[in-house]
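Summary of the model geometry
Residue-level listing of the chains:
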Amino acid sequence: MRLFTHNMLSSNIKGVANGFPLRIEAEQVLEKQVDFNPDFLRNLFPKLEWKALVDGARALGYAELPEAADSSMLESEEFLRKVHHALLELHLEEGALTCPETGRKFPVNKGIPNMLLHEDEETSLQLPGSLGSHMLVRITGKQ
Amino acid sequence: MWYLCVFFHRLLDYRRAEVESLAEMLGVYSSLEWRLPENQHPDSPFHLVNLPSEDVARNIANRSILVKGIYELWGEGSSLEQLEESIKSYPEDRKLPYLACETTFKVTVDSFGKAISFQEQNDRIKSLAYIPFKGRVNLKNPDINFWLMETDDYGAHNGLPPVVQRRNLFWSTEVAFLMANQAQVMPGKLVYDPFVGTGSILVAAAHFGAMTMGADIDIRAVRDGRGPDCNVWSNFKQYGLPLPVALLRADNNLPPWRPGLKEIFDAIICDPPYGVRAGGRKSGGRKLLKGIVAPYIVPDDKRTGHIPSTAPYSLAECVHDLLDLAARMLVMGGRLVYFYPVLRENDVVENHFPEHPCFKLIASSEQILSSRYSRVLLTMVKTGSYTEKVAEAATIKHQEFKENYVKRLEDGNLHSSVFSPVHPQLGEETDSKSCKELKPKYRGKYV
């Protein structure tokens, strides 16, 4: 699992209000070289949660990313190379992702995170994520 | 300019849609004009298409799966005499540059629906002597290629030889490449397959330079495959393609995306598990298995390594989840390309495809798989943003599916419709109750 993926995932266990970012527990980290594509990174940058990336990189043993970043830094190739390395070249091969609220571990085996929930963790209602607002809904049917 | 577009004679319904997708990808913004040459049936492999330039024609032909070639048409006729007349009347200024003395050329005789002997081929070529070729013949590596194409007399079969029946054409790599073309996959794009399986769709997308990402509820095929050198990762390695950016085990019914994440994929391409061949699965199930509504509580000592149970995933719910995912996660103008099953009754196919306020249907191409059902490749483009209202409606619908779980399962059970024994016609009885009684007993393994 690369940090690119980590940046997209959250714990969607029932009742968890803030399942992002998942804490990384690294057992085995690999580095694999990937072709550098600055345009891809520039497009992706506004969609990244920067702090989660910085913390994630640190958990994988890479501490070169600045604490804060803004779009003006995308002009610098040095910066883009660092983002590229953190986002795409570091792999969590074995380990786990931990829900920040419940401590539930999502195992990562052979580079693939297992995000499936147990039967009693499923949310019966998923709040639409992209809104930034919260909606409280009373379930009138059976639960 | 009008070009002759010659297709391979298969997947007839997919052919024009693919060319249209590729033309748009290459920057041809107005919709393409097509027409059929005289005496040709729509199923014919010969079509005339109006393209802005030879470069566009060349690029489409190079990228396309179903185009055999795109040609500048110098003349046509139903006899060699008519052909001669037609070639002679084609403008000289279009012809002369390709007949000049410093060029090399070759004439190939091709036929469709009939065979032409070597001797006849030579005669045909000699009959073209009225064309003032000045260049030298070079059979190996000519600058200019001419083709003389002959088709059979059009009578039976709409004048066409039957499409070669290839059994078990349920999945072929060709189709994966076609889907990638419908999705306009290009270098630097991010492509997602929520039902990745062994990754054939992503291999095609990676071949065209995209970054790829896949998920599946059953990750065994992905992670383990048939050993260390026979799984998705090795699939990519053997083709020398960059590995997927991410593979994860996740349920499309309960996707693990963080709040706020949206508009990240350029295309979503998939062959959802509709329960005809491979049954779809989603999280849940055990509670229904025992007839208990309350969720199964996993004992604390069994939490590590617990394998959550799964339940069948109905067609309607699967499509709903897919459209919701695509509406949220695709960039504007991004494409959703997926297969949708259609039951064929008395050879009539209902052309009612899923709709969504954020999407416009661009193309639908049918492939008949059996006398009972077809699959249709749908290409949708995202034209509206994922608003609060759309999200809310999706959430309510999601909940409805949960509550009417068993009922929905009945609605979406394609497997029994396709594989059940034929039962007597219902006649005029359309009462839903009597239909239900006649519903076939045979069920798939998981239903």
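Residues numbered from 1 in each chain as written. Chains lettered and ligands numbered in written order. Predicted model: local features only at pLDDT ≥ 70, side-chain atom pairs only at ≥ 80, totals over all residues.

**Quick look at the overall build of chain A**
Each helix and strand counted, chain A has four helices and four strands in total. Order of helices (α) and strands (β) in chain A, N terminus to C terminus: α-β-α-α-α-β-β-β. Burial statistics for chain A: of 143 residues in total, 33% are counted as buried. Long-range contacts, defined here as pairs at least 24 residues apart, represent 70% of the contacts in chain A between residues at least 6 apart. (Helix = DSSP H or I, 4+ residues; strand = E, 2+ residues; numbered from the N terminus. Buried ≥ 20, exposed ≤ 12 C-beta atoms within 10 Å, placed from the backbone. Contact = placed C-beta atoms within 7 Å.)

**Considerations on the nonpolar core**
As a rule of thumb, soluble globular proteins bury nonpolar side chains together. All names here are of chain B. Counting residues in hydrophobic clusters, the biggest one holds 113 residues, and the most contacted among them are M179, V191, A205 and I269. Ranked by residue count, the leading element in this core is helix 11 (residues 315–329), at eight residues. Other than its neighbours up to four places away in sequence, I269 contacts M179, A180, A183, V191, D193, I201, A205 and V337. (Core = buried A, V, L, I, M, F, W, Y, C linked by C-beta atoms within 7 Å.)

**Here's the deal with the packing of helix 1 (residues 15–25) of chain B against helix 2 (residues 54–63) of chain B**
If you want to describe how two helices pack, look at the angle between their axes and the distance between the axes. All names here are of chain B. In contact at an axis separation of 10 Å, helix 1 and helix 2 are set at 125° when each is read in the N-to-C sense. Our classification of the angle between helix 1 and helix 2 gives oblique. For the pair helix 1 and helix 2, the sense of crossing is right-handed. On helix 2, the residues that touch V19, L22 and A23 of helix 1 are V56, I60 and R63. Here the contact of helix 1 with helix 2 is composed, by residue class, of five nonpolar, no polar and one charged. (Axes fitted to C-alpha atoms, helices over the stretch in contact; angles between N-to-C directions. Parallel < 35°, antiparallel > 145°, perpendicular 65-115°, else oblique. Left-handed = near helix turned anticlockwise from the far one by under 90°. Nonpolar A, V, L, I, M, F, W, Y, C, P; charged D, E, K, R; others polar.)

**Overview of the sheet that holds strand 3 (residues 105–109) of chain A**
Strand order in the open sheet formed by four strands is 1-2-3-4 (chain A), and the pairing between neighbours is antiparallel. Strands with a single pairing partner mark the edges of an open sheet, and in this sheet they are strand 1 (23–31) and strand 4 (112–113) of chain A. (Pairing = 2+ DSSP bridges.)

**Side note on the confidence of the model for chain A**
Across chain A, the average pLDDT comes to 85, with 85% of residues at 70 or higher. Here residues 124–135 of chain A is a poorly scored stretch, pLDDT under 50, and it has 30 contacts once near neighbours within four places are set aside; other chains count. (pLDDT = per-residue confidence, 0-100.)

**A short note on the sheet that holds strand 1 (residues 2–7) of chain B**
All names here are of chain B. In space, the four strands of this open sheet follow the order 2-3-1-4, with antiparallel pairing throughout. Each having just a single partner strand, strand 2 (33–35) and strand 4 (67–71) make up the two edges of the open sheet. The average undirected angle you get between the axes of adjacent strands in this sheet is 30°. With three bridges joining them, strand 2 and strand 3 (residues 46–50) adopt antiparallel strand pairing. Paired with W34 across the strands is V49, a residue of strand 3. The strands touched by helix 2 are strand 1 and strand 4; relative to strand 4, the strand with the most contacts, the crossing angle is about 165°.

**Some remarks on unusual backbone geometry**
All names here are of chain A. A cis amide bond links F20 with the next residue in sequence, P21, at an omega value of -10°. On the secondary structure map, P21 appears in the loop between helix 1 (3–6) and strand 1. A positive phi angle, close to 50°, is found at K110, a residue other than glycine. Along the chain, K110 turns up in the loop between strand 3 and strand 4.

**Focus on the packing of helix 1 of chain B against helix 6 (residues 173–182) of chain B**
Residue and element names in this part refer to chain B. With their axes 8 Å apart at the nearest point, helix 1 and helix 6 run at an angle of 45° to one another. Regarding the angle of helix 1 to helix 6, the classification is oblique. Residues A17, E18, S21 and L22 of helix 1 form the contact with helix 6, whose participating residues are L178, N181 and Q182. Along the lines of polarity and charge, the residues of the contact of helix 1 with helix 6 split into three nonpolar, three polar and one charged.

**Quick notes on the environment of B:A394**
All names here are of chain B. On the secondary structure map, A394 appears in helix 12 (residues 388–403). Assessed through the 21 C-beta atoms surrounding it within 10 Å, A394 is described here as buried. In this structure, the C-alpha to C-alpha distance between A394 and H320, residues 74 residues apart in sequence, is 8.1 Å.

**Notes on the confidence of the model for chain B**
Any segment with low pLDDT has predicted coordinates that should not be analysed in fine detail. Residues and elements named next belong to chain B. Residues of chain B with pLDDT of at least 70 account for 74%, and the chain-wide mean is 80. Throughout residues 286–290 the model reports pLDDT below 50, and contacts reaching past four residues in sequence, or to other chains, amount to ten contacts. Low pLDDT, under 50, characterises residues 423–447; the predicted model gives this stretch 21 contacts beyond four residues in sequence or across chains. Of the two predicted TM-score estimates for the complex, the pTM is 0.80 and the ipTM is 0.82.

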